[in-house]
Amino acid sequence: MDRLSKEQRHRNMAAIHNKGTKPEVMVRKFLFSRGFRYRINHHQLPGKPDIVLRKYNTCIFINGCFWHGHDGCKYFVIPKTRTEFWHAKIERNKERDSENKQQLASMGWHCITIWECQLKSKVREVTLESLLYTLSLIFLKNHQSKSYEQLEDSSLMVAEP
Ligand SMILES: [Zn+2]
């Protein structure tokens, strides 16, 4: 896994730490540097996920804390003016998000949501490392269920006369 040269690693970290990089670009660069290959803004999929990892059956959404209403987050503050309007708008967005995720799940996709506040420079590395961890768990899960099916098939064959 860790076959990167020191220089490469430095460049990766520089990409991750680059200020002013859009959050979704940052996550894409990170995944690319770790050998993941993906599609972006997959228009046929509900909610147009920011990153689609087909091999992992996984969609990643990078959500702005305000527009997607990150509960309990200090970056999600409803403006003092036109409060009702904003409240209704954000609620609609949240409903749409959860509908999209339910739809994706029913199509067999895993969904990962990363909030923009989780990509602020102080917490970014932890977030990205835990993303890798989650992806490896998903990979194992997909892989395990597949080999389990194969196992079942072969035992059936043995049982047959
Ligand atoms: Zn947040």
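Quantities reported herein were computed from a predicted structural model and do not represent experimental measurements. (Residues numbered from 1 in each chain as written. Predicted model: local features only at pLDDT ≥ 70, side-chain atom pairs only at ≥ 80, totals over all residues.)

**Overview of unusual backbone geometry**
At step 1: Positive phi is not limited to glycine here, since Lys48 has a value of about 40°.
At step 2: By secondary structure assignment, the location of Lys48 is in the loop between β1 (39–40) and β2 (51–53).
At step 3: Of the residues examined, Lys48 has 14 C-beta atoms within 10 Å and is grouped as partly exposed.
At step 4: The phi dihedral of Asn57 is positive, around 50°, even though this residue is not glycine. (Helix = DSSP H or I, 4+ residues; strand = E, 2+ residues; numbered from the N terminus. Buried ≥ 20, exposed ≤ 12 C-beta atoms within 10 Å, placed from the backbone.)

**Observations concerning helix α3 (residues 83–106)**
At step 1: In a regular helix each residue adds 1.5 Å, so 24 residues correspond to 34 Å; α3 covers 35 Å between its end C-alpha atoms and thus fits that length.
At step 2: Positive phi appears at Gly108, one or two residues downstream of α3, with a value of about 90°. (Expected span 1.5 Å × (residues − 1).)

**Brief notes about the environment of Leu132**
At step 1: Residue position: Leu132 is located in helix α4 (residues 124–159).
At step 2: Using a count of 14 C-beta atoms within 10 Å as the deciding quantity, one classes Leu132 as partly exposed.
At step 3: For the pair formed by Leu132 and Phe36, sequence separation is 96 residues and the distance between their alpha carbons is 10.0 Å.

Remember that the coordinates give geometry; whether it matters functionally is a separate question.
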